[in-house]
Amino acid sequence: SHRTADPTEAFLKCLGLRNHSFVPNKSTYTRRDSGYSTILNLGINNLRFTSTSTPKPLVIVTPLDESQVPPVVQCAKDVDLEIRIRSGGHDYEGLSSVSQLPFVILDLMLLRSIDIDVASRTAWVQSGAIVGELYYKIAKASPILAFPAGVCPTIGIGGHLAGGAYGTLLRKYGLGADNVIDARIVDVNGSVLDRKTMGEDLFWAVRGGGGASFGIILSWKIKLVQVPKNVTVFTVTRTLQQNATGLIYKWQNIAHKFDTNLLMRAIFNRIGAVETGDATIGVYFNSVFLGGVDKLLPLLKKSFPELGVVKEDCTEMSWAQSILNFNGFSINEPLETLQNRSINPRRYFKAKSDYVTKPIPLSAFQGIWNLFFEKEATGAVVIFTPYGGKMKDISKSAIPFPYRSGNIYSIQHLVYWSEEENAKAENYIAWMRKLYSYFGAYVSNSPRAAYINYKDLDLGQNNLGNTSYNEANNRWGADYFNGNFKRLANVKTLVDPGNFFKNELSIPLL
Ligand code: FDA
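Definitions and limits used
- Residues numbered from 1 in each chain as written.
- Predicted model: local features only at pLDDT ≥ 70, side-chain atom pairs only at ≥ 80, totals over all residues.
- Heavy atoms only, no water.
- Near = heavy atom within 4 Å.
- Polar contact = N/O pair within 3.5 Å; in protein donor to acceptor, adjacent residues only side chain to side chain.
- Areas by Shrake-Rupley, 256 points an atom, 1.4 Å probe, with all protein chains shown as cover.
- Helix = DSSP H or I, 4+ residues; strand = E, 2+ residues; numbered from the N terminus.
- Nonpolar A, V, L, I, M, F, W, Y, C, P; charged D, E, K, R; others polar.
- Core = buried A, V, L, I, M, F, W, Y, C linked by side-chain atoms within 4.5 Å.
- Buried < 20%, exposed > 50% of the residue type's maximum accessible area, 1.4 Å probe, protein only.
- Contact = heavy atoms within 4.5 Å.
- Phe/Tyr/Trp six-rings, centres within 6.5 Å; stacked < 30°, edge-to-face > 60°.
- Salt bridge = Lys/Arg side-chain N within 4 Å of Asp/Glu carboxyl O.

For the ligand, the set of nearby residues contains 32 residues, the closest of which are Ile-85, Ser-87, Ser-96, His-160 and Tyr-451. In this structure, Ser-87 approaches the ligand through a side-chain N or O atom, which is 2.7 Å from a nitrogen atom. Here a nitrogen atom of the ligand and a backbone polar atom of Ile-217 are 2.9 Å apart. Isolated, the ligand exposes 960 Å² of accessible area, and the fraction of that covered by the protein chains is 94%. Those elements giving two or more residues to the shell around the ligand turn out to be β3 (82–86), α5 (157–162) and β10 (216–223). Looking at the shell around the ligand, the element that brings in the most residues is α5, giving three residues. Per-class residue counts for the shell around the ligand are 13 nonpolar, 16 polar and three charged.

Nonpolar side chains in soluble globular proteins generally cluster together in the buried interior. Core analysis: the biggest nonpolar cluster contains 89 residues, and Phe-214, Trp-220, Ile-222, Trp-319 and Phe-401 have the highest contact counts within it. Leave out the neighbours within four places in its chain, and Phe-401 touches Leu-175, Tyr-355, Tyr-387, Met-391, Lys-396, Tyr-451 and Asn-484.

In this structure the tally under the stated criterion is 29 aromatic pairs. Centre to centre, the rings of Phe-384 and Tyr-409 are 4.6 Å apart; their planes meet at 35°, and the pair counts as tilted. On the criterion of sequence distance, the pair formed by Phe-384 in strand β17 (residues 380–386) and Tyr-409 in strand β18 (residues 409–417) is long-range, its members being 25 residues apart. Residue classification places Tyr-409 among the buried residues on the basis of a relative accessible area of 0%.

Before going further, it helps to spend a moment on the pattern of salt bridges. Opposite charge on two side chains makes pairing possible when the charged atoms of those side chains draw close. By the definition in use, this model includes 26 salt bridges. When the shortest N-O distance is used, the salt bridge between Glu-82 and Arg-84 registers 3.9 Å. By the burial criterion, Glu-82 is buried, and Arg-84 matches it. The partner of Glu-306 in a salt bridge is Lys-250, with the nearest N and O atoms 2.9 Å apart. Within this pair, whereas Glu-306 is found in the loop between α9 (293–303) and β15 (315–317), its partner Lys-250 is found in helix α8 (residues 244–254), the two being separated by 56 residues in sequence. Since its relative accessible area comes to 42%, Glu-306 is described here as partly exposed. Sharing partners across several salt bridges, the network here consists of Arg-48, Glu-93, Lys-350, Lys-352, Arg-433, Asp-456 and Asp-458.

Interpretation in functional terms is not warranted from these geometric data alone.
Here it is as structure tokens:
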């Protein structure tokens, strides 16, 4: 009977019938409500997906209480609407906010409690919390505890841990998803399950299988990890004139073998203007060491003397402060800033990822630099993150994230552009594809390895309706999940046999 009515009205009516705590205009927004556009755009990090031509939801639901989540699933099914689950809205391809079929957004931003238990070194975190809030609360509870998730404070815990989650502690403690010990999920029937009631197969799949395929994660229980009261942070920049090429070449051979207390990223972009002939490449060796400067310097002197790091380059601070530092803030920035949901400006961008198993030859870097001297590379940046350490010790099938031993570092390729340039967005995207194609000769191939938290629809996507396992595996599944894709499809078939939870990159049925 719902299907014959206007779908928006039918959906709202169903919610009211199922749960009397739904007050329209308080936790539901339709296209007629004044707050609709604000709420919609607040949760879209990549501004590409805020354009007027982007399909918009019929309704946005922002539950004030967990009991309001199951009715959203039941009513979307009843009325035959797609559902998009949104926690922090940082999806690279906007998949938490956009569907090509009529849809509703379930936005969990108001479900963001964080309960830390210092004694057991664990915490329950609701999906709508951002990682910055988590880091802040942990730091307030204990100066020697932390959590190994992402660097950007505004990422939502819900989608982030569902796709893996890595940051400056990955060489010491692995991924965020490696440190999840329980989860609460609303399944396709509207039942709330925890680790015990969902069983180990589904619990395996939700820790890295990419979110949105199995149900709605309400909260994660995580294991906190130990860090020293003070860590040491340094970033040294070297240009082409200062042997940047030789240094990044050497970095590839050693960064994954450093002491696990040291994480040294290599980040590069173009600095200076091409027109005036001042342009060069800057490679930033952006680092955090879990210990004091007096331990760090001898270590660097032994394994990377060419970099020339001196005591004056280094600053000791708390680990939480180091996250602010990695986001460009000074040592005097109050830790409270970590909780600020608009800490970083939202931008237009296109990104891709790669994994590297053997060093890129020295001679290949010239080709990369040449691409960075092109016009479209003004807002481009590439980030190399070293693996090794704990990442190589965890088995490839422990969770769905498959890139462990044998991978020496991961790459994130990014190109940003401004609002004024957005009419030419295709030029920037074309440049990104060219860069990615150049890297193709030097990185993991067949399948070309990619990180599910850096979604890239260029690799392929599902059909609008159902997509077979083989099609999905050939198009994109093997790229993100390698040998774990089949097991994910197996779990999907068991828990959501009607394929209700689907999107462009959702796990297919077997
Ligand atoms: P969002 O709400 O967009 O969700 C992402 C996906 O998960 C969608 O498919 C969504 O439907 C689904 N989903 C969301 N909540 C769910 C829930 N509760 N239950 C089930 N499914 C759910 N990554 C990283 O590992 N390390 C890093 O340092 C960074 N840094 C970073 C910086 C910036 C600026 C951006 C934009 C992104 C990153 N990322 C990252 C990538 C990030 O991990 C990735 O985008 C996450 O999926 C974001 O999770 P959100 O909840 O914010 O996204």
